[in-house]
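# A look at the structure
Here are the chains, one letter per residue:
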Amino acid sequence: MLIQQLVNGLTLGAVYTLLALSFSLVMGILGILNLAIAELFMIGGYLGFTLIQAGFPLPVAVLAGMTGAAVIAIVIEKVGYQPLRDAPLVTPMLSTLGFSIILQNVATNIWGSDPLQLPIYGDQYTFGPVNIGEMQLLVLGATVVLVALVAYIVQKTPMGRALRAVAENREVARILGVSADRLTMLAFILSGSLAGVAGVLIALHYGAITPYLGVEIGLKAIAVMVIGGTRQIWGALVAGPLIGIAEVLTVAYGGSQVRDFVVYGFMILILLLRPQGLLGGARSDQGQRV
């Protein structure tokens, strides 16, 4: 049972990792928390879920969820952030909160408030005492590939260097010829795409989705971002599985009523002992926030 719960925890942690990375991409560039990412995750899940119900193959469903979430992220950047970029940081953050509520209501009106259910997607494999579903393997594999891809883009490409330059000092980067507005849009698109992929994968893994799916998972992803460190991409890859395993083991051996206490208690402990996160650099290291 322990090994099975560890596998389940890794799967849940992988989803937390993708969403935490989505949050940190925008947080690192702009210094704001895009609260609409949780609903982009939910909308991506609905789009993929709907196409699977209609008989489309999984790659098409994943592409639809990713594209739909990215397009909505562009709208959020154009309408909810760009006109407010010179306002206090709390103002665009509240704007994304408004978009979050709007998206939740849109989903409720289109798909209803009751959970949509679908048979668990993919085959089940048995390895000794452990059962692993095809979707679990896809979630774990996609997370590793996407995190590595984003890390490569940010650390090794000219676009990534430009992103880090904007994260360090937006005005200086603009003086040096870097298009801060274009890179801000890129950060929103990347974060929305990751959230959309995560939404499709987790909806198909659990075989159910509701308009409120993004709320709880989104809050846990923010905790993962804080625990891992908002300045390090690999921090989410470490903190996500830790939180996922801790949550699953808590439910299995302690009861579901204490799982949130464990997750958020751990986050508070990390904030007290190491405010920059487990893999965060020194506080003066502003150039690595992305």
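Before reading further, recall that the structure is shown in the block above.
Residues numbered from 1 in each chain as written. Predicted model: local features only at pLDDT ≥ 70, side-chain atom pairs only at ≥ 80, totals over all residues. Heavy atoms only, no water.

Our focus in this paragraph is the overall build of the protein chain. Helix and strand content of the protein chain: 11 helices and four strands. Relative to its length of 290 residues, the protein chain is compact, with a C-alpha radius of gyration of 19 Å against a globular reference of 19 Å. Reported as C-alpha extents along the three principal axes, the dimensions of the protein chain are approximately 60 × 45 × 35 Å. With 290 residues in all, the protein chain has 49% of them scored as buried. Within the protein chain, contacts between residues separated by at least 24 positions form 80% of all contacts whose residues are at least 6 apart in sequence. For the protein chain, the exposed area adds up to about 12,800 Å²; of that, 68% sits on carbon and sulfur atoms. Charged side chains in the protein chain number 14 positive and 13 negative. The centres of these two groups are separated by 12 Å. (Helix = DSSP H or I, 4+ residues; strand = E, 2+ residues; numbered from the N terminus. Rg over C-alpha atoms; globule rule 2.2 N^0.38 Å. Buried < 20%, exposed > 50% of the residue type's maximum accessible area, 1.4 Å probe, protein only. Contact = heavy atoms within 4.5 Å. Areas by Shrake-Rupley, 256 points an atom, 1.4 Å probe, with all protein chains shown as cover. Lys, Arg positive; Asp, Glu negative; His and termini not counted. Charge placed at Lys NZ, Arg CZ, Asp CG, Glu CD.)

A word on the packing of helix 1 (residues 2-30) against helix 10 (residues 233-254). At a minimum axis distance of 6 Å, the contact between helix 1 and helix 10 shows a crossing angle of 140°. Our classification of the angle between helix 1 and helix 10 gives oblique. In the packing of helix 1 onto helix 10, the handedness of the crossing is right-handed. Its residues assigned to classes, the contact of helix 1 with helix 10 shows 17 nonpolar, seven polar and one charged. (Axes fitted to C-alpha atoms, helices over the stretch in contact; angles between N-to-C directions. Parallel < 35°, antiparallel > 145°, perpendicular 65-115°, else oblique. Left-handed = near helix turned anticlockwise from the far one by under 90°. Nonpolar A, V, L, I, M, F, W, Y, C, P; charged D, E, K, R; others polar.)

The next point concerns the nonpolar core. Phe41 and Leu204 are the most contacted members of the largest nonpolar core, which has 80 residues in total. Broken down by element, this core gets its largest block of residues, 14 residues, from helix 8 (residues 180-206). (Core = buried A, V, L, I, M, F, W, Y, C linked by side-chain atoms within 4.5 Å.)

For the rest of this paragraph, the subject is the side chain of Glu39. Residue placement: Glu39 occurs in helix 2 (residues 37-53). Although Glu39 lies buried, it forms no salt bridge, and the closest oppositely charged side chain, Lys220, sits 14 Å away as judged by the N-O distance. Engagement of the side chain of Glu39 in a polar contact is seen with the side chain of Gln104, the distance being 3.4 Å. Dropping the residues within four chain positions of it, Glu39 is found in contact with Ser100, Leu103, Gln104, Pro211, Gly214 and Val215. (Salt bridge = Lys/Arg side-chain N within 4 Å of Asp/Glu carboxyl O. Polar contact = N/O pair within 3.5 Å; in protein donor to acceptor, adjacent residues only side chain to side chain.)

Attention shifts here to the packing of aromatic side chains. Aromatic rings in a pair are described by how distant their centres are and how their planes are angled relative to each other. Scanning the model with the defined rule gives two aromatic pairs in all. Considering the side-chain rings of Tyr46 and Trp111, the 4.4 Å spacing of their centres and the 10° angle between planes classify their relative orientation as stacked. Separated by 65 residues along the polypeptide, Tyr46 in helix 2 and Trp111 in helix 4 (residues 90-111) bring together distant segments of the chain. Aromatic side chains Tyr81 and Phe188 sit 6.0 Å apart centroid to centroid with 35° between the ring planes, which places their arrangement in the tilted category. Of the two residues, Tyr81 is situated in helix 3 (residues 58-81) and Phe188 in helix 8; the sequence distance between them amounts to 107 residues. The pair Tyr81 / Phe188 is uniform in exposure class, with both members buried. (Phe/Tyr/Trp six-rings, centres within 6.5 Å; stacked < 30°, edge-to-face > 60°.)

The residue Leu219 is located in helix 9 (residues 213-228) in this model. Considering only alpha carbons, one finds Leu219 and Ala20, 199 residues apart in sequence, at a separation of 9.5 Å. If we ignore the near neighbours within four places in the chain, the residues touching Leu219 are Gly214 and Tyr264.

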